[in-house]
Amino acid sequence: MSAPHIILTAGPTIEPLDPVRFLSNRSSGKQGYALAGALTARGARVTLVSGPVHLETPPGVIRIDVETACEMMAAVEAALPADAFIGVAAVADWRPAERHAQKLKTDKAGFANLKLAENPDILRTIAHLPPGRRPALVIGFAAETEADPVALETLAHQKMRRKGCDMIIANDVSEGVMGGDNNTVLVVSKEETSKIPHADKSAIAAQLAGTVMALLGNHRKV
Ligand code: CTP
């Protein structure tokens with residue numbers, strides 16, 4: 001059987017306002033890069049669509065660099081077909097409605113009335129592709145500021161329904177997870193929930209990669 005193709009997004013997106021300013025977030029890309037490496041080590045062919053990060057590409061991973069959510073959406077669509085899609089990126093939900101060619105002057109009223117436009121929801125779009133084009137397994141991450149595991153699981157189920165994906169990997173990002181080296185995650189699917197206790201991001205990635213490859217093996221047999 002040929003190696004499964006997995007498209008994975010990682011890192012932040014940056015949404016320019018003018019040549020020097022942008023909207024973004026604190027994602028370092030570490031969890032996504034670790035997962036891309038772990039999946040490749042288990043024999044997957046991984047296309048990593050990455051926002052701007054300061055990380056080395058894991059050996060064997062095909063990396064496509066993007067900056068904005070719209071570019072990330074286009075790169076993911078261009079990389080299809082795939083057996084699985086995993087959205088680890090912290091995609092900016094909104095972008096400045098207008099991208100100014102010149103640096104905005106601070107004395108302009110423009111700042112107080114900054115207009116935003118909604119970005120495409122990449123995970124939701126991929127999860128709703130027609131059968132045949134939709135990857136067999138579509139997985140999202142949920143960054144929540146919710147430490148209570150029961151509440152975190154409820155949020156994950158809601159997000160899974162809203163996005164139309166098959167699994168949500170939920171984590172509480174309230175304390176140093178974004179940019180940090182450690183993580184604790186809940187793996188939530190329609191059938192079951194399991195917890196991966198506090199560990200460094202590469203150990204979490206190794207466990208997640210095992211789960212994903214096992215699920216793909218089952219999907220590809222039927
Ligand atoms: N995601 C995406 N495209 C977006 C926003 C999010 O692909 N425009 C993906 C992320 O990669 C992640 C998942 O959706 O896999 C959840 O992202 P999150 O930010 O937690 O969810 P939101 O949709 O932004 O919902 P909210 O912030 O309201 O919880």
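Shown above is the structure to which this text applies.
Now for a look at the structure at hand. All figures in this text were calculated on a predicted structure; none of them were measured in a lab. (Residues numbered from 1 in each chain as written. Predicted model: local features only at pLDDT ≥ 70, side-chain atom pairs only at ≥ 80, totals over all residues. Heavy atoms only, no water.)

**Observations regarding the pattern of salt bridges**
Considering all chains together, one arrives at six salt bridges under this definition. Here D121 makes a salt bridge to K163, at a shortest N to O gap of 2.8 Å. Of the two residues, D121 is situated in the loop between β8 (116-118) and α3 (122-127) and K163 in helix α4 (residues 149-163); the sequence distance between them amounts to 42 residues. Taking the relative accessible area as the measure of exposure, D121 reaches 29% and is therefore partly exposed. Among the residues examined, K163 registers a relative accessible area of 17% and is labelled buried. Among the salt bridges present, the one from R134 reaches D166, with a minimum N-O distance of 3.2 Å. A residue pair is termed long-range when its members are at least 10 positions apart, and R134 in the loop between α3 and β9 (137-144) and D166 in the loop between α4 and β10 (167-172) qualify at 32 residues. (Salt bridge = Lys/Arg side-chain N within 4 Å of Asp/Glu carboxyl O. Helix = DSSP H or I, 4+ residues; strand = E, 2+ residues; numbered from the N terminus. Buried < 20%, exposed > 50% of the residue type's maximum accessible area, 1.4 Å probe, protein only.)

**Here we look at the pairing of β10**
Burial within β10 is extensive, with five of its six residues counted as buried. Pairing of β9 with β10, which is carried by six bridges, proceeds in the parallel orientation. Within β10, the position partnered with F141 by the bridge is I169. Chirality of the crossover, the property in question, places the unit of β9, α4 and β10 among those that are right-handed. Note that β10 and strand β11 (residues 182-189) share five bridges and pair antiparallel. (Pairing = 2+ DSSP bridges. Right-handed = clockwise from strand over helix to strand, strands pointing away.)

**Here's the deal with a nonpolar patch on the surface**
A grouping of L23, W94 and L116 is seen on the molecular surface, where their side chains present a nonpolar patch of about 270 Å² in accessible area. With respect to the helices, strands and loops of the structure, W94 is situated in strand β7 (residues 94-96). Overall, W94 belongs to the partly exposed group, its relative accessible area being 42%. (Patch = residues over 30% accessible without salt bridge, like charges linked within 9 Å, V, L, I, M, F, W, Y side chains within 5 Å. Areas by Shrake-Rupley, 256 points an atom, 1.4 Å probe, with all protein chains shown as cover.)

**Observations concerning the environment of A214**
Here A214 shows up in helix α5 (residues 201-221). The class for A214 is partly exposed, based on a relative accessible area of 43%. In this structure, the C-alpha to C-alpha distance between A214 and E15, residues 199 residues apart in sequence, is 36 Å.

**Description of the site of the ligand**
Around the ligand there are 15 residues in total, and G87, A89, F141, K159 and K163 lie nearest to it. Within the backbone of G87, an N or O atom sits 2.6 Å from an oxygen atom of the ligand. Measuring from an oxygen atom of the ligand, one finds a backbone N or O atom of A89 at 2.7 Å. Here the ligand, which alone exposes 580 Å², has 77% of that area covered by the protein. Going through the elements one at a time, α3, β9 and α4 are the ones with two or more residues in the shell around the ligand. (Near = heavy atom within 4 Å. Polar contact = N/O pair within 3.5 Å; in protein donor to acceptor, adjacent residues only side chain to side chain.)

**Section: the nonpolar core**
Ranked by size, the top nonpolar core spans 32 residues in total, and within it I6, L8, L35, L39 and I86 carry the most contacts. Among residues more than four places away in sequence, those in contact with I6 are L39, A44, R45, V46, T47, A84, I86, V212, M213 and L216. Residues M72, M73, A127 and L129 belong to the second largest nonpolar core, which totals 27 residues. (Core = buried A, V, L, I, M, F, W, Y, C linked by side-chain atoms within 4.5 Å. Contact = heavy atoms within 4.5 Å.)

Purely geometric stuff here, so don't read any function into it on its own.
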